[in-house]
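Structure assessment
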Amino acid sequence: MIRELAPAPALIRLPAGSFLMGESPDDKFALDTERPAHPVEIARPFGLGRHPVTVAEFRRFAPGFAPGEPADWPAAGVSWDDARDYCAWLRAETGAPYRLPAEAEWEYACRARSRAAFSGSSEITPAEANFLYAEDGSRVGPGARTAVGRYPCNAFGLYDLLGNVCEWVEDAWHRDYRGAPGDGSAWVDGADPGVRTIRGGAWDYLPRLLRSAWRDSLPRGLRRDNVGFRLALSLA
C-alpha cells in the first residue's frame, strides 16, 4: 500500500514486470480489437488505485456531485475530461504526479501475472464481480453499482477491475494493437484524440465484456452511469 496523501484515494504499489498484452489463449470471446497479443515491459513500479475513485472521493473535488448516491459507490457519470480534471486537482493539492493509468498498465494490473481470460481464472461468477447477465441472458447481478471492495481482490490486492464500472484510461482509441508501444506508455499518437479507451466492463454487462483483454471506446466528453475511473501515480 502507498501512503495516502490526503485527499487522495488509497493506492497499491505495483512492481515492474513484463507481460503479454491482448487476447488470452483459447478465449472464445477474443476480438480483433485485442489482437495481436504483444509483449509489454513495465520498466518501473507505479501506483494504482486500490479501487475506482468513489463518489465520496470525487465529491472532495466536485462538491454536490451525485446527490443521494452512496459515498462508497464508484463514481460514475464522469467523462474522460472530468477524470483528467480530478487528477490535475489532486496534483495541485498534493504535489504528487497523479494521472490516469495507461491502458497497458491497467491490463498488467488486472492480469496480475495471469494469462487467463478473467483475472486469474477462465470463468467468472456473480460472487466474483458485479455484472448483470449470464451468457445465457439470465439476470444474475444486482442491477446497479455496488460499494467498492465488496468483491474479492485480485492477486495484486486490487478491487473491482472487472465489473461495477468501466474505467477510463489515458490512451486514445486504436482499433487493434498493430503498432502499439511495448514500454507500457499510453498510446495517444495516430488516433482521434476525441475518442478514448475504456476497460473492465460494468454492472450492466455480460461476462464476456469483463475479460481482462476486453477494451472499447467512448467520446471523451461522454458521461455514462456505468463508466468511472481509477487513479495511477508515477513513482520515482
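Residues numbered from 1 in each chain as written. Predicted model: local features only at pLDDT ≥ 70, side-chain atom pairs only at ≥ 80, totals over all residues. Heavy atoms only, no water.

**Considering the pattern of salt bridges**
Under the counting rule described, the total for this entry stands at 16 salt bridges. Here Arg84 makes a salt bridge to Glu170, at a shortest N to O gap of 2.8 Å. In this pair, Arg84 is assigned in helix H2 (residues 80-94) and Glu170 in strand S6 (residues 166-172), connecting sequence segments 86 residues apart. By relative accessible area, which is 38% here, Arg84 ends up partly exposed. For Glu170, a relative accessible area of 15% puts it in the buried group. Among the ionic pairs, Glu167 bridges to Arg230, the shortest N-O distance being 2.8 Å. (Salt bridge = Lys/Arg side-chain N within 4 Å of Asp/Glu carboxyl O. Helix = DSSP H or I, 4+ residues; strand = E, 2+ residues; numbered from the N terminus. Buried < 20%, exposed > 50% of the residue type's maximum accessible area, 1.4 Å probe, protein only.)

**Digging into the pairing of S6**
In terms of residue burial, S6 counts as a mostly covered element, since 7 of its 7 residues are buried. Where S6 lies against strand S9 (residues 227-229), 3 bridges are found, and the strand directions are parallel. What sits directly across from Trp168, in S9, is Phe229. Alignment of S6 against strand S7 (residues 195-199), held across 3 bridges, turns out to be antiparallel. (Pairing = 2+ DSSP bridges.)

Function cannot be inferred from these measures alone, as they are strictly geometric.
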